[in-house]
Amino acid sequence: MSTTSCANVSRARSLADQESLDSLVICRCEEVSRGEILAALETGVSSVSGVKRVTRAGMGLCQGQTCGRLVTSLVAETTGQRADQVEPLTARPPVRPVPMAVLARDRDETAMDGK
Amino acid sequence: MATSWDAVIIGAGVNGCAIAYNLAKRGLRVVILDKTDVCAQASGQNGGGVRQSARDPRELPLAMLSVSLFSSLAEELDQDVEYVQAGNLRLCTTSEQETAMRAAVAQQRVDFGLDVRYVDRGELEALNQHLAEWVVGASYCPTDGHANPLLTTYAFARKACELGAELRTGETVTRIRLSRGTVRSVVTDREVYSTGLVINAAGIGGRAVANMVGLDFPMTPVFTEVLVTEAREPMFAQMIGTASSDFYGHQTTHGSFVWGGFVGYETFLHDGHHGGTQRPNYPEVASAICRTVLRYFPGLGELNVIRTWGGLIAQVADKVPVLGPVPEVPGYISATGFSGHGFGIAPAVGRVIGQAVLGETPDVDLSPFTADRFGPVH
Ligand SMILES: Cc1cc2nc3c(=O)[nH]c(=O)nc-3n(C[C@H](O)[C@H](O)[C@H](O)COP(=O)(O)OP(=O)(O)OC[C@H]3O[C@@H](n4cnc5c(N)ncnc54)[C@H](O)[C@@H]3O)c2cc1C
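Our subject in this report is the structure included herewith.

1. Describing the overall build of chain B
Right, so step 1: Within chain B, the secondary structure is distributed over 10 helices and 20 strands.
Right, so step 2: Against the 2.2 N^0.38 benchmark of 21 Å for 378 residues, chain B shows a C-alpha radius of gyration of 21 Å, consistent with a compact globule.
Right, so step 3: With the C-alpha coordinates aligned to their principal axes, the bounding extent of chain B is approximately 70 × 45 × 40 Å.
Right, so step 4: For chain B, the proportion of its 378 residues judged to be buried stands at 57%.
Right, so step 5: Within chain B, contacts between residues at least 6 apart in sequence are counted, and of these 71% link residues at least 24 apart.
Right, so step 6: Summed over its atoms, the accessible surface of chain B is roughly 14200 Å², and 51% of this surface lies on carbon and sulfur atoms.
Right, so step 7: Side chains of chain B give 29 positive and 39 negative charges; the mean places of these two sets differ by 5 Å.

As structure tokens, this is what we get:
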């Protein structure tokens, strides 16, 4: 696991020089590019949660389940940490998107009848 | 040898960062210290409301100043903070609420010249087409609104740093050293910062920080929850609240809805068993929020909720902050205890605390916010 992430980091480093990669979409839900994430990391952001707050990467429908690891490796690369030392995004309910009307019905149906 | 700073700011929430910006702009050498990160606590969790209507009369002048500052904030900080000034509606559903709301609105207009009025069902429908039948009217304050608290906080932090401030995260303040009663240095788990000025912008940590200089005041963390939905095409732009204060929220620039609400026993939800800073999710709260919102906006039922989270309100006994210098402890300045409404007033707090630090007369009188209003400070 750590070998894989180290390989990823060095690969990312060597790719970092290629500017064309900046347009690569890292967070598909919110359409956040690698360039936007790196720009945030250059201006005072130093955590995965920070990247999310500033760029919206990981804030969308899948809540970072897809892009979380990619963002983590970019944070690791910029802050000089190992990827497994970087604090991941906080997981919060619901695990999958749930309609408001469904969530509203956590109680006995009959209790809802009176409004 | 300790480094020397003009001011040390404890807390990189929106208030600490706004204060840092104002001080850095005036040429002070400041450092912001945060035990976690920018936006790690309330400033990263709140509902983004920028509201004057129904504010405590002591706080309203600050809220009004803040609204005037928000108008030019994006330009000033070179960052779009998604500030939308489309008004605040406080919805009424009974004639009792309507009567009380009409009186409250008239009072705010007369006492403070606030542009706020009561709108009946007809006028309300022109403002918002999505309300349930039982809503009879609302207070409407067109200059209220909302902004993105994350972008706002980072914008203040970034601009402060551009102006020379330093931001250090992952560093916890453990002690404030006094010499003959005056602030001398701030001690963290890593370093000693020599300074004559320390600003307590530590949010719910603010009481512990006050204790470091021998002060105390009645403040306790109150747990509250928020949820966010998937994005929708723009439906309405107002900030929404209710006369019975059961929920609040708005549709963001991004299109998602942020809704916060109350189950009534928040004060007791937070057991304090985890060092007082844990933010678990309580399964009943998001459901309660959904039920309440849907009673007012029945058309939103199919909207997916994608995340729920908890936050802690730094609740002072009389629900307004402790703000300004404390004469008994020269060099110590308080900016904490915002009691659940410290985002909307942050630009004003940054400004008036900056003025107080520099020995100028603040734009807003800070006397309602003194540390000794609960009794002797020591
Ligand atoms: C769910 C929720 C909804 C809200 N909705 C609204 C709203 O709609 N409108 C509104 O105006 N307000 C709202 N609020 C209130 C608002 O979020 C807060 O008043 C405001 O963010 C406080 O900002 P702050 O900078 O004072 O503190 P915080 O953002 O709490 O920051 C304090 C910082 O201090 C740091 N710290 C603490 N102790 C130490 C220490 N010893 N050493 C180093 N660092 C330390 C913490 O890590 C933290 O980052 C809401 C609050 C919550 C919880």
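Here the narrative resumes, following the displayed structure.
2. Brief notes about the site of the ligand
Residue and element names in this part refer to chain B.
Right, so step 1: Residues in contact with the ligand amount to 38 residues; listed here are only the nearest, Asp-34, Ser-43, Val-173, Gly-342 and Gly-344.
Right, so step 2: Here an oxygen atom of the ligand and a backbone polar atom of Gly-49 are 2.9 Å apart.
Right, so step 3: Within the contact set of the ligand, an oxygen atom lies 3.0 Å away from a backbone nitrogen or oxygen of Phe-343.
Right, so step 4: The fraction of the free accessible surface of the ligand (1000 Å²) that becomes covered by protein chains is 95%.
Right, so step 5: Every element with two or more residues in the shell around the ligand is listed here: α1 (14-25), β3 (30-34), β14 (219-231) and β18 (304-316).

3. Some words on the packing of aromatic side chains
Residue and element names in this part refer to chain B.
Right, so step 1: As enumerated under the stated definition, the model contains 13 aromatic pairs over all chains in all.
Right, so step 2: When the centroid spacing of 5.6 Å and the interplanar angle of 10 degrees are considered together, the rings of Phe-257 and Trp-259 count as stacked. Judged on exposure class, the residue Phe-257 and its partner Trp-259 are both buried.
Right, so step 3: Chaining the aromatic ring pairs together yields one cluster made of Trp-134, Phe-236, Phe-247, Phe-257, Trp-259, Tyr-296 and Phe-297.

4. Details of the interface of chain B and chain A
Right, so step 1: On the chain A side, the residues contacting the 35 residues of chain B number 29 residues.
Right, so step 2: The contact between chain B and chain A buries some 2700 Å² in all, and 54% of this surface belongs to carbon and sulfur atoms.
Right, so step 3: Counting every contact that joins chain B to chain A gives two salt bridges.
Right, so step 4: A salt bridge links Asp-37 of chain B to Arg-53 of chain A; the shortest N-O distance between them is 3.9 Å.
Right, so step 5: Applying the counting rule to chain B against chain A returns 17 residue pairs in polar contact (both at pLDDT 80 or more).
Right, so step 6: Along the lines of polarity and charge, the residues of the side of chain B that touches chain A split into 18 nonpolar, nine polar and eight charged.

5. Description of helix α9 (residues 283-296) of chain B
Right, so step 1: When you tally the buried positions in α9 of chain B, you get 11 out of 14 residues, the bulk of the element.
Right, so step 2: When α9 of chain B is considered as a whole, its buried residues turn out to be Val-285, Ala-286, Ser-287, Ala-288, Ile-289, Cys-290, Arg-291, Thr-292, Val-293, Leu-294 and Tyr-296 of chain B.

6. Topic: the pairing of strand β10 (residues 173-179) of chain B
Right, so step 1: Pairing analysis gives six bridges linking β10 of chain B to strand β11 (residues 182-188) of chain B, with the strands arranged antiparallel. For Val-173 of chain B, the partnering residue across the bridge sits in β11 of chain B and is Thr-188 of chain B.

7. Examining unusual backbone geometry
Excluding glycine, a negative phi dihedral is what most residues carry, and trans is how most peptide bonds are arranged.
Right, so step 1: Look at the link from Pro-93 of chain A to Pro-94 of chain A: it is a cis peptide, with omega at -5 degrees.
Right, so step 2: Phi is positive for Asp-78 of chain B, which is not a glycine, with a value near 55 degrees.
Right, so step 3: By the element assignment, Asp-78 of chain B lies in the loop between α3 (73-77) and β5 (88-92).
Right, so step 4: With relative accessibility at 58%, the residue Asp-78 of chain B sits in the exposed group.

8. Regarding the packing of α1 of chain B against helix α10 (residues 346-357) of chain B
Residue and element names in this part refer to chain B.
Right, so step 1: At a minimum axis separation of 8 Å, α1 and α10 run at an interaxial angle of 50 degrees. What the angle tells us is that α1 and α10 run oblique. The handedness of the crossing between α1 and α10 is right-handed. From α1, Val-14, Asn-15, Ala-18, Ile-19, Asn-22 and Leu-23 reach across to α10, where they touch Ala-346, Val-349, Gly-350, Arg-351, Ile-353, Gly-354 and Val-357.
Right, so step 2: Within the contact of α1 with α10, the residues separate by chemical class into eight nonpolar, four polar and one charged.

So, how was this worked out
Within each chain, residues carry numbers counting from 1 in the order of the written sequence. Chains carry letters from A onward and ligands carry numbers from 1 onward, assigned in written order. Since the coordinates come from a predicted model, pLDDT governs what is reported: local features require at least 70, and pairs of side-chain atoms require 80 or more to be given and counted, while whole-chain, interface and lining totals use all residues. For the side-chain quantities, the full set of heavy atoms in the structure was used; hydrogens and water were omitted. The helix and strand labels rest on DSSP assignments: H or I over at least four residues marks a helix, E over at least two residues marks a strand, and numbering proceeds from the N terminus. Both definitions apply: the radius of gyration is a C-alpha atom measure, and the globule rule equals 2.2 Å times residues to the power 0.38. In this scheme, a residue with accessible area under 20% of its type's maximum is buried, one over 50% is exposed, and one in between is partly exposed, where area comes from a 1.4 Å probe on protein chains only. Two residues qualify as a contact provided that any one of their heavy atoms is within 4.5 Å of a heavy atom in the partner residue. Each accessible area value is a Shrake-Rupley result obtained with a 1.4 Å probe; residue values ignore everything except the protein chains displayed when judging cover. For the purpose of charge, His is not counted, nor are the chain termini; Lys and Arg are scored as positive and Asp and Glu as negative. By convention, the charge on Lys lies at NZ, on Arg at CZ, on Asp at CG and on Glu at CD. Each residue is tested against the molecule or strand, and it is near if at least one of its non-hydrogen atoms lies within 4 Å. Counting of polar contacts relies on pairs of N or O atoms within 3.5 Å, with two restrictions inside protein: one atom must be capable of donating a hydrogen and the other of accepting it, and residues adjacent in sequence are counted only when both atoms are side-chain atoms. Centre distance within 6.5 Å is the pairing criterion for rings of Phe, Tyr and Trp, where only the six-membered ring of Trp is used; planes under 30 degrees apart are then read as stacked, over 60 as edge-to-face, and the remainder as tilted. Accessible area that two parts lose when put together, with a 1.4 Å probe and added across both, is what the buried area reports. Salt bridge criterion: a side-chain nitrogen from Lys or Arg within 4 Å of a carboxyl oxygen from Asp or Glu. We call Asp, Glu, Lys and Arg charged. Ala, Val, Leu, Ile, Met, Phe, Trp, Tyr, Cys and Pro are nonpolar, and the rest, Gly among them, are polar. Pairs of strands are assigned from DSSP output, requiring at least two bridges between the strands. Geometry is summarised by axes, namely lines fitted to C-alpha atoms with helices restricted to the contacting stretch, and by angles between N-to-C directions that run from 0 to 180 degrees. Put simply, angles under 35 degrees are roughly parallel, angles over 145 are roughly antiparallel, angles from 65 to 115 are roughly perpendicular, and the rest are oblique. Note on convention: the crossing is left-handed when the near helix lies turned anticlockwise from the far helix by less than a right angle, right-handed when the turn is clockwise.

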